[in-house]
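Spelled out, the chains give:
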Amino acid sequence: MTTQNPNQPCTCARYSFEVLVHEGSTGEAVWQATTTECTATTQSKFAPGHDAKLRSLLVQAQAGGHLVRQVNGRAVVIADAATAAAALGWSDLTP
């Protein structure tokens, strides 16, 4: 008898990048987070089609020159989009 994996958050929900919106008169910076807006759970790594959502997010980050943030529990990894993609086994981020 096989047992199913319990549902877990989709991997794409762990990734984001920030875009500078504006700098205030006293030097504070206001940033906007860009995410896949994923709230799906799955028994595998990605919910159906969400690998494409994450790839699109990484392409967008790379095009804008933004660093990508991956949150996994309490660990946060910040890297360029190509490095984040390579860690997922994707060698090319062309759209």
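Placed above this text is the structure.
Residues numbered from 1 in each chain as written. Predicted model: local features only at pLDDT ≥ 70, side-chain atom pairs only at ≥ 80, totals over all residues. Heavy atoms only, no water.

**Q** I'd like a rundown of the packing of aromatic side chains, residues and numbers included.
**A** Enumeration over the complete set of coordinates arrives at one aromatic pair. When the centroid spacing of 6.2 Å and the interplanar angle of 20 degrees are considered together, the rings of Phe46 and Trp90 count as stacked. Remark: Trp90 occurs in the segment after α2 (81–87) and Phe46 occurs in the loop between β4 (41–42) and α1 (50–64); sequence separation between them is 44 residues. Assessed through its relative accessible area of 16%, Phe46 is described here as buried. (Phe/Tyr/Trp six-rings, centres within 6.5 Å; stacked < 30°, edge-to-face > 60°. Helix = DSSP H or I, 4+ residues; strand = E, 2+ residues; numbered from the N terminus. Buried < 20%, exposed > 50% of the residue type's maximum accessible area, 1.4 Å probe, protein only.)

**Q** Provide a residue-level description of the pattern of salt bridges, including the pertinent values.
**A** Here the idea is simple: oppositely charged side chains can pair when their charged atoms come close. The tally for this structure, following the rule as stated, stands at one salt bridge. A salt bridge links Arg69 to Glu18; its shortest N-O distance comes to 3.7 Å. Linking Arg69 in strand β5 (residues 67–72) with Glu18 in strand β2 (residues 15–23), this pair joins segments that are 51 residues apart in sequence. What makes Arg69 partly exposed here is its relative accessible area of 30%. For Glu18, a relative accessible area of 24% gives the class partly exposed. (Salt bridge = Lys/Arg side-chain N within 4 Å of Asp/Glu carboxyl O.)

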